[in-house]
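A look at the structure
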Amino acid sequence: MANIKKGDLVQVISGRSQARGGDRGKQGKVIEVLVDQNRVVVEGVNYVTKHVRVGQTQRGSKTGGIETHEAPIHVSNVAIVDPETKKPTRVGFRNETVTKDGVTKTVRVRYAKKSGKDL
């Protein structure tokens, strides 16, 4: 089971500080998780400019030019934000038994380690 999932609120914990034009300390939601590369794309973090060749659509409108969008960040450079304290925290897993429709099964649940609250 993955520590970071799509839709999680994470904070950048390494890199240049915001005072020097970096992204450390910024918080944002995870847009995409690239499992094979161990990277995540975070909303509003690690913006890059991309030059796209100018073209035309079927209707004749121009596309392309200079676009900005989020680039992936390595998973080790972000931490999940605790919902209670709004600070970065580590994630643990605990096994819980859930009874649903008369069937009992064991489910792994993520929780914030310091507060103990489920994510």
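- For the chain, the name recorded in an unreviewed UniProt entry is Large ribosomal subunit protein uL24, with Agromyces mediolanus as its organism.
- Check the Subunit (unreviewed entry) section of the UniProt entry for the chain; it says "Part of the 50S ribosomal subunit."
- Taken directly from UniProt, the Sequence similarities (unreviewed entry) text for the chain runs: "Belongs to the universal ribosomal protein uL24 family."

1. Brief notes about the overall build of the chain
- Counting its secondary structure elements, the chain contains 0 helices and 10 strands.
- Element order for the chain, N to C, with α for helix and β for strand: β-β-β-β-β-β-β-β-β-β.
- Radius of gyration (C-alpha) of the chain: 19 Å, far over the 14 Å computed for a compact globule of 119 residues.
- Along the first, second and third principal axes, the C-alpha set of the chain runs to 60 × 40 × 25 Å.
- Within the span of the chain, comprising 119 residues, buried residues form 24% of the whole.
- In the chain, the proportion of contacts linking residues at least 24 apart, taken out of those at least 6 apart, comes to 41%.
- Summing over all exposed atoms, the chain offers an accessible surface of approximately 8600 Å²; the carbon and sulfur share of this is 46%.
- Computed over 23 positive and 12 negative side-chain charges, the separation of the two mean positions in the chain equals 5 Å.

2. Overview of the sheet that holds strand E2 (residues 27–34)
- Taken in spatial order, the 6 strands of this open sheet run E6-E3-E2-E1-E7-E8, and their pairing is antiparallel. For this open sheet the edge positions go to strand E6 (73–74) and strand E8 (88–89), each flanked by a neighbour on one side alone.
- As paired elements, strand E7 (residues 78–81) and E8 share 2 bridges and run antiparallel to each other. Across the sheet, the residue bridging to Val81 is Pro88, located in E8.

3. Observations concerning the side chain of Asp82
- Looking at the secondary structure, you find Asp82 in the loop between E7 and E8.
- Side-chain polar atoms of Asp82 contact the side chain of Thr85, separated by 3.4 Å.

4. Quick notes on the pattern of salt bridges
- Evaluated as defined, the whole model comprises 3 salt bridges.
- One salt bridge connects Asp23 with Lys26, and the closest N-O pair in it is separated by 3.1 Å.
- Residue Lys26 is classed as partly exposed on the basis of its relative accessible area, which comes to 30%.
- A salt bridge links Glu96 to Arg94, with the shortest nitrogen-to-oxygen separation between them at 3.1 Å.
- Taking relative accessible area as the criterion, Glu96 reaches 29% and is therefore assigned partly exposed.
- On the basis of relative accessibility, which here comes to 29%, the residue Arg94 falls in the partly exposed class.

5. Quick look at the nonpolar core
- With 11 residues, the main nonpolar core is built from Ile4, Val10, Val12, Val30, Val40, Val42, Val45, Ile73, Val78, Ile80 and Val91.
- Listed by contribution, the elements that provide at least two residues to this core are strand E1 (9–12), strand E3 (39–42) and E7.
- Among all residues touching Val45, those that are not within four sequence positions of it are Val12, Asp23, Lys26, Glu70, Ala71 and Ile73.

Conventions we followed
Residues numbered from 1 in each chain as written. Predicted model: local features only at pLDDT ≥ 70, side-chain atom pairs only at ≥ 80, totals over all residues. Heavy atoms only, no water. UniProt positions renumbered as here; feature names shortened; annotations may be inferred. Helix = DSSP H or I, 4+ residues; strand = E, 2+ residues; numbered from the N terminus. Rg over C-alpha atoms; globule rule 2.2 N^0.38 Å. Buried < 20%, exposed > 50% of the residue type's maximum accessible area, 1.4 Å probe, protein only. Contact = heavy atoms within 4.5 Å. Areas by Shrake-Rupley, 256 points an atom, 1.4 Å probe, with all protein chains shown as cover. Lys, Arg positive; Asp, Glu negative; His and termini not counted. Charge placed at Lys NZ, Arg CZ, Asp CG, Glu CD. Pairing = 2+ DSSP bridges. Polar contact = N/O pair within 3.5 Å; in protein donor to acceptor, adjacent residues only side chain to side chain. Salt bridge = Lys/Arg side-chain N within 4 Å of Asp/Glu carboxyl O. Core = buried A, V, L, I, M, F, W, Y, C linked by side-chain atoms within 4.5 Å.

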